[in-house]
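# Descriptive structure summary
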Amino acid sequence: MLKECRYSLWINFLTLSAFLIPFNFKWLGWLGSATFILTISSGKIRLPCRKSHLVLLLLGFSWLCWLFILYLGILNDTSGCIKTLETRAGFWLGLVLIIASNINKMEAIRILKAFHVGLIISLIICLLVALYRSLLLWNVKWMVHSDFSLFMHPGYYSVMTFFALYSEVFVKNKTNRLKILFYSVCTILLSSKAIWLALIFFLFLLWFYSPIIRGKLNSFLSRNLLLFSIVSIISLVLNYQRITEAFQELRGQWPEKNYRSSVLVRQQTLNAGLHLFPEAVPWGLGENNLRAQLSNYYQQKGYTIPFKNNYNIHNQFVEEFLLHGIPGVIFLVSIAIIFIIMLGSSSRTLVLAFVFIFIIWGNTESFLQRNMGCLFLGFLLPLLTRVYEKECEMER
């Protein structure tokens, strides 16, 4: 009886955690910790029965051990260790909750549905607030990018929305076309350049793969191509100023004080990261040392925006090398390869989408420096693999 009660609490806590992810509550980490404790007390922790899951778990916790060795043994930086663990806790908690707990397919579907419901509610709130502001102030700028995104950075929000869009199309047997259209519109309104590329790639995949997946020539995209085109044109009109500014900056026509878009700012942060490359060989600089050196470089070069906002490098591969050296990059790439293997056993289109978004997102954001990025890699992606794959004997 007690074990059943613990199990009920565990699955409800896990479902609630998934529902709250799109709202980015600060106390979500405490809820995840409570779920972790319930996972252990309910006896759900055991070695995964699949080799790929076991390797993923071992890689994740080998990465954790390397961070302890680096910060406490090599760099003697206790505060940097604590900061890193706080930021990336969602990654390791997610691996335990999804992989080590060996949730079955029905439990994974329930948790994924909770994430979808939370995301839809949060996006509806964003949409209603954006419409209200636009009508009240008579300014359409409230409909796009950071003015549309209420709960987190629009880049991370758009990744969550794109993930939901993709899982809706390729995971479920019966898809809700209204939901797909809603996710597509919100992805466009969130106006992340990287995810725009991913969305174009997704539509390309949908156009060519949907007859195979659905077994019909009448795909969702072909029925709604005109509507997608209208939404895309409206989005381009709403984002006209951001797009023209980006091209002007690339041609060097904007002085420092007028930087408004992220194009040259990202070039500046990347230049800073590449400048520090030789100093990071082979073990990395660590959290506090890297931030201090980046700040000094921004100030010396007159990079006003990155200096004032204490920007990271906005490139996960470069940032991981500078933070944790060659071993850190090896762990990051190895985990990505394991995900490719896990997704590849189910769908080539999932692999193509993951590789594309991983490369694009990794070169435009330091996603593991944010809790949402860690939750995406450690919680949502493993959850997707659990929903898609067949159950093995030990899990039945």
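About the cut-offs
- Residues numbered from 1 in each chain as written.
- Predicted model: local features only at pLDDT ≥ 70, side-chain atom pairs only at ≥ 80, totals over all residues.
- Heavy atoms only, no water.
- Salt bridge = Lys/Arg side-chain N within 4 Å of Asp/Glu carboxyl O.
- Helix = DSSP H or I, 4+ residues; strand = E, 2+ residues; numbered from the N terminus.
- Axes fitted to C-alpha atoms, helices over the stretch in contact; angles between N-to-C directions.
- Parallel < 35°, antiparallel > 145°, perpendicular 65-115°, else oblique.
- Left-handed = near helix turned anticlockwise from the far one by under 90°.
- Contact = heavy atoms within 4.5 Å.
- Nonpolar A, V, L, I, M, F, W, Y, C, P; charged D, E, K, R; others polar.
- Phe/Tyr/Trp six-rings, centres within 6.5 Å; stacked < 30°, edge-to-face > 60°.
- Buried < 20%, exposed > 50% of the residue type's maximum accessible area, 1.4 Å probe, protein only.
- pLDDT = per-residue confidence, 0-100.

Before going further, it helps to examine the pattern of salt bridges. Summed over the entire model, instances satisfying the criterion amount to 4 salt bridges. For R88, the salt bridge goes to E320, with nearest N and O atoms at 2.7 Å. One end of the pair, R88, is in helix α4 (residues 78-100); the other, E320, is in helix α17 (residues 316-344), with 232 residues separating them in the sequence. Here E287 makes a salt bridge to R291, at a shortest N to O gap of 2.8 Å. With E287 and R291 both in helix α15 (residues 287-301) and 4 residues apart, the pair spans about one turn of that helix.

Turning our attention to unusual backbone geometry. The omega torsion across V281 and P282 is -5 degrees, close enough to zero to call that bond cis. Relative to the helices and strands, P282 resides in the loop between α14 (277-280) and α15. Backbone geometry at N76 places phi at a positive 55 degrees, although glycine is not the residue there. Tracing the sequence through the fold places N76 in the loop between α3 (51-74) and α4. Non-glycine residue N310 carries a positive phi angle of around 55 degrees. Topologically, N310 is positioned in the loop between α16 (304-309) and α17.

What follows concerns the environment of G328. Within the fold, G328 resides in helix α17. Remark: the alpha-carbon pair of G328 and L64, spanning 264 residues in sequence, is separated by 9.9 Å.

For the pair helix α5 (residues 105-137) and helix α19 (residues 371-388), interaxial distance at closest approach is 8 Å and the crossing angle is 130 degrees. Judged by the angle between their axes, α5 and α19 are oblique. Along this stretch, α5 crosses α19, giving a crossing that reads as left-handed. In contact with K105, A108, I109, I111, L112 and F115 of α5, α19 contributes F379, L380, L383, R386, V387 and Y388. Among the residues forming the contact of α5 with α19, the class breakdown is 10 nonpolar, no polar and 2 charged.

Glancing now at the packing of aromatic side chains. Each pair of aromatic rings is reported with the distance of its centres and the angle of its planes. On inspection of all chains with the given rule, the structure shows 17 aromatic pairs. On the numbers, 5.8 Å between centres and 45 degrees between planes, the contact of F19 with F23 is tilted. Judged by its relative accessible area of 24%, F19 falls in the partly exposed class. An angle of 55 degrees between the planes, with centres 5.7 Å apart, marks the rings of W66 and W283 as tilted. You can see W66 sitting in helix α3 and its partner W283 sitting in the loop between α14 and α15, a full 217 residues away along the chain. By relative accessible area, which is 10% here, W66 ends up buried. Assessed through its relative accessible area of 42%, W283 is described here as partly exposed. One aromatic cluster is present, built from ring pairs that chain together F115, Y156, F163, F317, F358, W361, F367 and F376.

This part is about the environment of I357. Here I357 lies in helix α18 (residues 348-362). In this structure I357 touches V159, F162, I195 and G362, once residues within four positions along its chain are discounted.

Another aspect to go through is the environment of A130. Within the fold, A130 resides in helix α5. Accessibility expressed as a relative area gives 0% for A130, which makes it buried. Linking A130 and D147, residues 17 residues apart in sequence, is a C-alpha distance of 7.3 Å.

Let's shift gears to the confidence of the model for the protein chain. This prediction gives the protein chain a mean pLDDT of 78; 72% of its residues lie at or above 70. Confidence scores differ between elements of the protein chain, with helix α10 (residues 220-223) showing the lowest mean pLDDT of 52 and α15 the highest of 93. In this model, residues 212-218 is a region of pLDDT below 50 whose contacts with residues beyond four sequence positions or in other chains number 11 contacts.

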